[in-house]
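# Tertiary structure, described
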Amino acid sequence: ACRDWGYTRDEFLQMRIFDVNPNMSPKIWKAHWEAKQVDTSAFESTHLRKSGEEFPVEITDTFVTHRGRVYSCAIVKDISNQKQDNRQARLSDFTVQKAGDSIFWLCNRGFIKHTNDEAIQRYCYRRDELIGMNVMHISRTVDQNAFQHIWQELKQSHHYLFEGIHYTKYGQAI
């Protein structure tokens, strides 16, 4: 913690929660202390490094009694990377959902696991109808053997380009 927050051990031992948590005040701490002495709580907050930089943290706080005194024992985890990963995942999902082409994520047996808004509109299926459907249902030119060949090529080269005819829910070729 000293390295991540930028303080020496001695500096940390002299600090109070208000010094590293800009969201905590003596009034909030008092209410927290009174309300949570019987439970463990987990929540997200913001902490300050010695440099003044704010960063997101996840706090798991439990109260323990030792030799007749009650202590707050908090485990604090820097979740900066997790937050960044979540932002990137949301951006990636948004990009896939709003793409102008139909996108299907398939499992190794050809079942559709995820699809985007364009595929829903273009193929005239509801999302729950497409999810779990085998891609061979909409691409009748691909059988299980051909699909397995394509899957092996995908595993090796990470891309595969082919042309084929797909069919909408109503049998229209697209």
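Throughout what follows, the structure given in this document is the object of discussion. One numbering rule holds for all chains: residues counted from 1, following each sequence as written. Owing to the predicted nature of the model, reporting of local features is limited to residues with pLDDT of at least 70; listing and counting of side-chain atom pairs is limited to 80 or more, with chain, interface and lining totals taken over all residues. As a convention, hydrogens and water are excluded, and side-chain values are obtained from all of the structure's heavy atoms.

## A short note on the pattern of salt bridges
Pairs can form between side chains of opposite charge once their charged atoms are near each other. Stated precisely, the cut-off is as follows: One side-chain nitrogen of Lys or Arg within 4 Å of one carboxyl oxygen of Asp or Glu is enough to make a salt bridge. For every residue, the accessible area obtained with a 1.4 Å probe (protein chains only) is divided by the maximum for its type, and the residue is called buried under 20%, exposed over 50%, and partly exposed between those limits. We count a stretch as a helix when DSSP gives it H or I for four or more residues in a row; a strand needs E for two or more, and each element gets its number in order from the N terminus.
Counting across every chain of the model gives 11 salt bridges. One salt bridge connects Glu-129 with Arg-126, and the closest N-O pair in it is separated by 3.4 Å. Since its relative accessible area comes to 23%, Glu-129 is described here as partly exposed. Residue class for Arg-126 comes out partly exposed when judged on its relative accessible area of 47%. Close ionic contact of Glu-129 with Lys-169 constitutes a salt bridge, the shortest N to O distance being 2.9 Å. Linking Glu-129 in helix α7 (residues 127–130) with Lys-169 in the segment after α8 (144–157), this pair joins segments that are 40 residues apart in sequence. The class of Lys-169 is partly exposed, set by a relative accessible area of 33%. Sharing partners across several salt bridges, the network here consists of Arg-126, Asp-128, Glu-129 and Lys-169.

## Side note on the sheet that holds strand β3 (residues 69–78)
Condition: Whether two strands pair comes down to DSSP finding at least two bridges between them. To obtain an axis, a line is fitted to C-alpha atoms, over the contacting stretch when the element is a helix, and the angle between two such axes runs from 0 to 180 degrees between their N-to-C directions.
Strand order across the open sheet formed by three strands is β1-β2-β3, with antiparallel pairing between neighbours. Edge strands, defined here as strands with exactly one partner in the open sheet, are β1 (40–48) and β3. Strand-to-strand, the axes of this sheet are offset by a mean angle of 35°, without reference to chain direction. Alignment of strand β2 (residues 54–66) against β3, held across 10 bridges, turns out to be antiparallel.

## Section: the pairing of β1
Relative to β2, β1 is paired through nine bridges, and the arrangement is antiparallel. The residue bridging Ser-45 from the neighbouring strand is Val-57, located in β2. Two successive antiparallel strands, β1 and β2, enclose a turn made up of five residues, where Gly-52 displays a positive phi of approximately 95°.

## A few points about the nonpolar core
Spelled out, the test is: To qualify as a nonpolar core, a set must consist of buried Ala, Val, Leu, Ile, Met, Phe, Trp, Tyr and Cys residues joined through side-chain atoms within 4.5 Å. Residues are treated as being in contact if the distance between any of their heavy atoms lies within 4.5 Å.
In terms of nonpolar packing, the biggest core is built from 15 residues, with Phe-104, Leu-130 and Ile-138 touching the most fellow members. The set of elements that each furnish at least two residues to this core consists of α6 (117–123) and α8. For Ile-138, the contacting residues outside a window of four places in its chain are Phe-104, Ile-112, Tyr-123, Tyr-125, Met-133, Ile-165, His-166 and Tyr-167. Core analysis: the next-biggest nonpolar cluster, separate from the first, contains six residues, Tyr-7, Val-20, Phe-55 and Ile-59 among them.

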